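Now for the letters of each chain:
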Amino acid sequence: MPKIKFNKVTLDKLAAPKGQRVDYFDTETPGLGVRVGNSSKTFFVKVDVRDASSKSGYRSVRRTLGRFGEMTLEQARKELQGYDDRDKGFVPGLRLEIKRGQTRMHGAEVTLGQMLEAYFKERRTAEGRNYKPSTIRGYTNIVSRHFETWLSLPLSEIGKLTPEVVIERYRQTEMHHGPYGARNAFVMLSAIINYALVKYPGVFTGNPLTVLRLGKHMKKIQARTERLEGKEFAAFYQGIHKFNENIRDCYLFCLYHGLRSQEAATLRWEYVNLDRLTLTIPDTKNRRPLHAPLCRQSLEILERRLAQRDEGCPWVFPAVKTFRYSTNKTGHVRLMSAALRLNTGLQITVHGLRRTFITTARRLKIFEDADRLTNHVDSSISGRHYDATDVEDLRKPLQSIASELERLMKEGAAKVLQLY
């Protein structure tokens, strides 16, 4: 294991080969080391203590101090060597405590609830990921709801969860919330525990939830494929007329553009240009804004909404408080799959309308342009560096898709092809 003189400059420059971790030790502070990975650097202490059961008479004890960046080199040395406190006198450092057998595990008292909060806050800083507030709220609510009784447990207790306890908890969750809900909750919890393993490696050595994966207790969830087919187009069109006009138009707008539920429901007038016949979705799932043309059908919808717009209202599809499916504290409509199924009698979700848009495009032999219209990223060399397709290039294919969707809803039949 390499030894170097620790200072901020040398620690900043340390790097590890891709996929590997390297431990470095300080030449000035015995026992002080830093583990360098691809995305983090973590201070630790390593001390040899007497152990009669060992052949050599000694064994190595290792404890994590904290991450470089969150902890300075001076703080790490102080934690390791001890320091003078005005009230307490000399406070022994971790190295002396280990020698005396008074070992403590850094992070052992951190609770699962605190780890849940740190997971989003620290990963967002360390990896540059800017989680959306709605994503943080959603994940936090899921973990809090399913593991309320575990949130107050310290990590040291979480690490002691037995396979029997984990499996039984999973079965209970599956029974009350279904296989998808159970799998979703435990995958999220497992990610948080895996992060705790990296941050506090001295607390526990493995993720107790691994038994679910190795034992194949979690059922594989098949990707959803529901979309409108055949006569379902007509049933959908009739069913959405049971909604008020505002929500009906939002469902149609979602279908004609292949938008996600939130993208359509949260559309603001500032992102609609009726002069240039374009719209912008600034905040999409993949973080890339969507710039798209308007088709004839969506233009008619927007003109209806504009004619009924309340002065100063920013939303294209504002919530109508008198209708039970549309009330929303944020002021815009909510597109609810349960309400859509109730009014249409179809087993369709709001996201199923996006699949319907893409499927219809492909049946019209529109492939790449359909991906661009739905903001699916082309990660190929050509897509990333040479594709100069703009909004005007997408206007004709969008109109073809929207016209076919309108025809299927009103006529409810596939085109008849003449063979010659």
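Use the structure listed above.
Here is a short report on the structure shown in this document. All figures in this text were calculated on a predicted structure; none of them were measured in a lab. (Residues numbered from 1 in each chain as written. Predicted model: local features only at pLDDT ≥ 70, side-chain atom pairs only at ≥ 80, totals over all residues. Heavy atoms only, no water.)

**Quick look at the side chain of R248**
Line of reasoning, step 1. Its place among the elements puts R248 in helix α10 (residues 245-257).
Line of reasoning, step 2. Among the residues examined, R248 registers a relative accessible area of 14% and is labelled buried.
Line of reasoning, step 3. Not counting the four nearest positions on each side in its chain, R248 is found in contact with I240, H241, F243 and R304. (Helix = DSSP H or I, 4+ residues; strand = E, 2+ residues; numbered from the N terminus. Buried < 20%, exposed > 50% of the residue type's maximum accessible area, 1.4 Å probe, protein only. Contact = heavy atoms within 4.5 Å.)

**Points about the pairing of strand β2 (residues 22-26)**
Line of reasoning, step 1. With respect to burial, β2 is a largely interior element, five of its five residues being buried.
Line of reasoning, step 2. For the handedness criterion, the β-α-β arrangement of strand β1 (residues 3-4), helix α1 (residues 8-13) and β2 is classed as right-handed.
Line of reasoning, step 3. Connecting β2 to the next strand, strand β3 (residues 32-36), in antiparallel fashion are five residues, including G31 with a positive phi near 90 degrees. (Right-handed = clockwise from strand over helix to strand, strands pointing away. Pairing = 2+ DSSP bridges.)

**Remarks on the packing of aromatic side chains**
Line of reasoning, step 1. The full count for this structure, using the stated rule, is ten aromatic pairs.
Line of reasoning, step 2. With 5.4 Å between their ring centres and 85 degrees between their planes, F25 and F44 make a pair best called edge-to-face. Remark: F44 occurs in strand β4 (residues 41-50) and F25 occurs in strand β2; sequence separation between them is 19 residues.
Line of reasoning, step 3. Judged by relative accessible area, F25 falls into the buried class, the value being 11%.
Line of reasoning, step 4. Judged by relative accessible area, F44 falls into the buried class, the value being 1%.
Line of reasoning, step 5. Between F243 and Y251 the ring centres are 5.0 Å apart and the planes differ by 40 degrees, which places this aromatic pair in the tilted class.
Line of reasoning, step 6. You can call Y251 buried: its relative accessible area is 0%.
Line of reasoning, step 7. One aromatic cluster in this structure is built from Y119, F120, Y139 and Y195.
Line of reasoning, step 8. The side chain of R62 reaches across the aromatic face of F44, ending 3.6 Å from its centre.
Line of reasoning, step 9. Sitting above the plane of the W150 ring, R169 keeps its charged end 4.6 Å from the centroid. (Phe/Tyr/Trp six-rings, centres within 6.5 Å; stacked < 30°, edge-to-face > 60°. Lys NZ or Arg CZ within 6 Å of the ring centre and 35° of its normal.)

**A look at the side chain of K41**
Line of reasoning, step 1. Within the secondary structure layout, K41 lies in strand β4.
Line of reasoning, step 2. Although K41 is buried, it forms no salt bridge, and the closest oppositely charged side chain is D12 at an N-O distance of 5.2 Å.
Line of reasoning, step 3. Within polar-contact distance, the side chain of K41 engages the backbone oxygen of L14 at 3.0 Å. (Lys, Arg positive; Asp, Glu negative; His and termini not counted. Salt bridge = Lys/Arg side-chain N within 4 Å of Asp/Glu carboxyl O. Polar contact = N/O pair within 3.5 Å; in protein donor to acceptor, adjacent residues only side chain to side chain.)

**Considering helix α17 (residues 391-411)**
Line of reasoning, step 1. Across its 21 residues, α17 extends 30 Å between first and last C-alpha, which sits within 8% of the 30 Å expected from 1.5 Å per residue.
Line of reasoning, step 2. All of the buried residues in α17 are V391, L394, P397, L398, I401, A402, E404, L405, E406, R407, L408 and M409.
Line of reasoning, step 3. With a side-chain oxygen positioned 3.2 Å from the backbone nitrogen of E392, the residue opening α17 is D390.
Line of reasoning, step 4. Positioned one or two residues after α17, G412 has a phi angle of 65 degrees, which is positive. (Expected span 1.5 Å × (residues − 1).)

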